[in-house]
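Here's the letter readout for the chains.
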Amino acid sequence: MQFTHNKSLPLGTSTFQVLRDENEIYVDKTHLIFELCKRRNKIFLSRPRRFGKSLLVSTFESLFRYGLRDFSGLAIEKIWSDGIYRVAALDFSVIKDFETFDDFASQLHSQLAIGFRSAGYTGNGDLTDFQVWFSQQPGNSIVLLIDEYDAPLTACLDHPELFSAVQRHLSRFFSRIKSLDGCLRFFFMTGITKFSNTGIFSGFNNLYDISLASEYGSILGYTEFEIRKYFGEYITQAALTLNCTEDEIMRQLKKHYNGFCFDENASQRVYCPWSVLNFFFSPVRGFQNYWYQSGGRPTVLMKYLADHELADPASYAQPHLMRFDDVRLSSDYQSLRPEALLFQAGYLTIRSILDKETVELGYPNEEVSESMARLYAYELLGGKIYRRNGPSLMT
């Protein structure tokens, strides 16, 4: 049976302008974006892979670079009255294939030169040259967006000396931004992990970490209400394809892809967008494990597990109690608790808040639970298969 939809799925689209031009579904988060952008702010957001961080960065870029050009019909259209700015958008995820510090520094400097070119910078990205230019910019005139700030660090976790050198150089870069941040109208940065000693989390004046802020717990990911509102015709298609009711589709979506909580009050949960979109793209395949296939094996987690012993994955199905600070604050890589890293990577999520100092973590859903068992089996047990209904292993 062929289905025709009014709007296409935004599967794999990370550029806001393209999404809008191609009439793809945009789950409107612009009321939250407005709250972040309406005043000068310096913001950090941590989320696992495949939650739409790059699309969010692109949305900020479009708003500040072009105003309301791409926001027709969205919530922010009626309340945004600010002007346009010079925008520097840096994608650190491209700085990951290097074997020496010089190669890393060259890639970083190229990224600075390219990213700041549209803001008027004409240098080569050398930090000293960049600082001189940055110091000459008028106050409140530049928007700086950094996506995947931690990608260069995770790329060299298994090379301690290189990791330290990269960390120091990134610290120099952020120190220059901190010392001259008067020219910034808005600063926004994303990542998966929160590494300490990078010069960003310790001392960046008024850096607002919204990673666990309740009011922004759904800024990435889909709520159940949003899935019903924006994907109604896709729910109907899936029900017809699988010969079941729409309520059953929603029940299975919740079972497999819901349960992620990025809210320090544990008051709201969201679905993984990548998994939901993949299901709607081809419902005939059923409720596949898209987490493990595409986003469930982040480099930082795999390299950490190579050097650290991990408990039986079945144990993570049990409640894990942690100090809230271990989840919330940045950490040195070597002292990072496995549970904290699994939380940052999306394998564990907040189940409940026991008190002001203690949080309970656990698997968010069936998809991630299965992914954890597969990761353990194939990456740590040399290809043996982990049998989840018992402690034994079978080849």
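For the structure given in this document, a descriptive report is provided here. (Residues numbered from 1 in each chain as written. Predicted model: local features only at pLDDT ≥ 70, side-chain atom pairs only at ≥ 80, totals over all residues. Heavy atoms only, no water.)

**Considerations on the overall build of the protein**
Defined as follows: Elements are defined by DSSP. Helices are runs of H or I of four residues or more, strands are runs of E of two residues or more, and each kind is numbered from the N terminus. Whether a residue is buried, partly exposed or exposed follows from its accessible area with a 1.4 Å probe, protein chains only, as a fraction of its type maximum: under 20%, in between, or over 50%, in that order. By definition in these notes, contact holds between two residues if any of their heavy atoms fall within 4.5 Å. The protein chains shown are the only cover counted for residues, whose accessible areas, like all others here, come from Shrake-Rupley with a 1.4 Å probe.
Across its full length, the protein carries 16 helices and ten strands. Per-residue burial for the protein yields a buried fraction of 55% across its 395 residues. The long-range fraction of contacts in the protein, counting pairs at least 24 apart against all pairs at least 6 apart in sequence, stands at 72%. Per element, the accessible surface of the protein, about 17100 Å² overall, is 47% carbon and sulfur.

**Digging into a negative patch on the surface**
To keep things clear, this is the line we draw: Residues with no salt bridge and a relative accessible area higher than 30% make up the patches, which join like charges within 9 Å and nonpolar side chains (Val, Leu, Ile, Met, Phe, Trp, Tyr) within 5 Å. Criterion for a salt bridge: a side-chain nitrogen of Lys or Arg within 4 Å of a carboxyl oxygen of Asp or Glu. When charges are counted, Lys and Arg contribute as positive and Asp and Glu as negative, whereas His and the chain ends are disregarded. Charge coordinates come from a single atom per side chain, which is NZ of Lys, CZ of Arg, CG of Asp or CD of Glu.
A cluster of acidic residues, Asp97, Glu99, Asp102 and Asp103, forms a negative patch at the surface. Considering the arrangement of structural elements, one finds Asp102 in helix H4 (residues 101–115). Under the relative-accessibility criterion, Asp102 is labelled exposed at 60%.

**Here we look at the sheet that holds strand S3 (residues 142–147)**
For clarity, the threshold we go by: When DSSP locates at least two bridges between a pair of strands, those strands are taken to pair. Inter-axis angles, ranging from 0 to 180 degrees, are taken between N-to-C directions of lines fitted to C-alpha atoms, where helices are fitted over the stretch in contact.
Taken in spatial order, the five strands line up as S2-S3-S4-S1-S5 in an open sheet, and their pairing is parallel. A strand with exactly one partner marks an edge of an open sheet, and here the two such strands are strand S2 (86–91) and strand S5 (207–209). Neighbour-to-neighbour, the strand axes of the sheet open up by a mean angle of 15°, direction not taken into account. Pairing between strand S1 (residues 41–46) and S5: three bridges, direction parallel. Note that in S5 the partner of Ile43 across the bridge is Tyr208. Seen against the sheet, helix H3 (residues 53–66) touches S1, S2, S3 and strand S4 (184–191) and runs at an angle of roughly 170° to S4.

**Details of the side chain of Ser58**
Looking at the element boundaries, Ser58 is found in helix H3. On the basis of relative accessible area, Ser58 is assigned to the buried category, the value being 11%. Not counting residues within four places of it along the chain, the set of residues in contact with Ser58 comprises Ser14, Thr15 and Phe16.

**Concerning unusual backbone geometry**
Even without being a glycine, Glu148 presents a positive backbone phi close to 60°. Summarising the element assignment, Glu148 is placed in the loop between S3 and helix H6 (151–154). Even without being glycine, Asn243 reaches a positive phi, approximately 55°. By secondary structure assignment, the location of Asn243 is in the loop between helix H9 (232–242) and helix H10 (246–257). Residue class for Asn243 comes out exposed when judged on its relative accessible area of 72%.

**Some points on the packing of helix H2 (residues 30–37) against H3**
Inclusion rule: In this scheme the handedness of a crossing depends on how the near helix is turned from the far one: anticlockwise by less than a right angle means left-handed, clockwise means right-handed. Under the convention adopted here, Pro, Cys and the residues Ala, Val, Leu, Ile, Met, Phe, Trp and Tyr are nonpolar, Asp, Glu, Lys and Arg are charged, and Gly plus all remaining residues are polar.
Packing of H2 against H3 leaves a shortest axis separation of 12 Å and a crossing angle of 65°. Pair H2 / H3 crosses with right-handed handedness. Together, Ile33, Leu36 and Cys37 of H2 and Leu56, Thr59, Phe60, Leu63 and Phe64 of H3 make up the contact between the two elements. Among the residues making up the contact of H2 with H3, the classes are represented as seven nonpolar, one polar and no charged.

**Comments concerning the pattern of salt bridges**
If charged atoms from side chains of opposite charge come close, those side chains can pair. The tally for this structure, following the rule as stated, stands at twelve salt bridges. In this structure, the salt-bridge partner of Lys38 is Glu35, at a minimum N-O distance of 2.8 Å. A relative accessible area of 37% means that Lys38 is categorised as partly exposed. Overall, Glu35 belongs to the partly exposed group, its relative accessible area being 32%. With a closest N to O distance of 3.4 Å, Glu224 and Arg228 form a salt bridge. In this pair, Glu224 and Arg228 are both assigned in helix H8 (residues 224–230), four residues apart and thus about one turn of the helix distant. Overall, Arg228 belongs to the partly exposed group, its relative accessible area being 42%.

**Points about the side chain of Asn258**
By the secondary structure assignment, Asn258 is in the loop between H10 and helix H11 (273–281). Residues within four places of Asn258 in sequence aside, it is in contact with Leu253, Arg269, Val270, Tyr271, Pro364 and Asn365.

**What to know about the environment of Ile79**
Residue position: Ile79 is located in the loop between H3 and S2. Exposure remark for Ile79: the relative accessible area of 41% places this residue in the partly exposed category.

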